[in-house]
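Chains, contacts and geometry: an overview
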Amino acid sequence: MIANLANILIGLWLVYRAIFSIPAGDMSQIELIAGGVAVILLALWARRTDFMSWNSWTNIILAALILLLAVVHRAVGVDPLISFWMILLIGITVAIAAMWSILYRPNIAEAASSQ
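Residues numbered from 1 in each chain as written. Predicted model: local features only at pLDDT ≥ 70, side-chain atom pairs only at ≥ 80, totals over all residues. Heavy atoms only, no water.

**A word on the overall build of the protein**
Scanning the protein for helices and strands turns up 5 helices and 0 strands. Scanning the protein from its N terminus toward the C terminus, one meets helices and strands in the order α-α-α-α-α. Principal-axis analysis of the C-alpha atoms places the extent of the protein at approximately 55 × 20 × 20 Å. Relative to its 115 residues, the protein shows a buried fraction of 39%. Taking the contacts inside the protein whose residues are at least 6 apart along the sequence as the reference set, 76% of them involve residues at least 24 apart. When the accessible surface of the protein is summed, it comes to about 6700 Å², and 75% of that surface belongs to carbon and sulfur atoms. Looking at charge distribution, the protein has the averaged site of its 5 positive side-chain charges lying 9 Å from that of its 5 negative ones. (Helix = DSSP H or I, 4+ residues; strand = E, 2+ residues; numbered from the N terminus. Buried < 20%, exposed > 50% of the residue type's maximum accessible area, 1.4 Å probe, protein only. Contact = heavy atoms within 4.5 Å. Areas by Shrake-Rupley, 256 points an atom, 1.4 Å probe, with all protein chains shown as cover. Lys, Arg positive; Asp, Glu negative; His and termini not counted. Charge placed at Lys NZ, Arg CZ, Asp CG, Glu CD.)

Here it is in structure tokens:
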């Protein structure tokens, strides 16, 4: 649960940085790499307590997209508008998937009786 809370904060930080960068979406490669690696590590940690694993897999894939964006930004350069939308949407999705993982805790007794 702590890892998912941290992933929510990282997702909100990505959204904040995408909106308030000058120009919008122009984050440094260091910030992108740090955010991507942190989301991957926290998603792997969160998998231990998650009821369903798709939330963590979603965050791992989205973090890989952030790392890919950092590599492409370094190699050939990416238009800030494309960066803005990618970082904004990835940050929102990371936060939502982590929050869903926190909030979705079915009752164990109900799950056992339905089987």
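**Examining the nonpolar core**
Counting residues in hydrophobic clusters, the biggest one holds 21 residues, and the most contacted among them are L14, L32 and I87. Sorting the residues of this core by element identifies α1 (2-20), α2 (29-46), α3 (54-75) and α4 (80-103) as the ones contributing at least two each. When neighbours within four sequence positions are excluded, I87 is seen to be in contact with L14, A18, G25, M27, L32 and L69. (Core = buried A, V, L, I, M, F, W, Y, C linked by side-chain atoms within 4.5 Å.)

**Digging into the side chain of N7**
Tracing the backbone shows N7 in helix α1. Once residues within four sequence positions are removed from consideration, N7 is found in contact with A38, V39, L42, A43, N59, V94 and A98.

**Quick look at the pattern of salt bridges**
Tallying each qualifying case throughout the model produces 1 salt bridge. Of the charged contacts, one joins E31 and R17 as a salt bridge, the two residues approaching to 2.9 Å between their closest N and O atoms. Taken together, the residues E31 in helix α2 and R17 in helix α1 connect sequence positions 14 residues apart. As far as burial versus exposure is concerned, E31 and R17 are alike and both buried. (Salt bridge = Lys/Arg side-chain N within 4 Å of Asp/Glu carboxyl O.)

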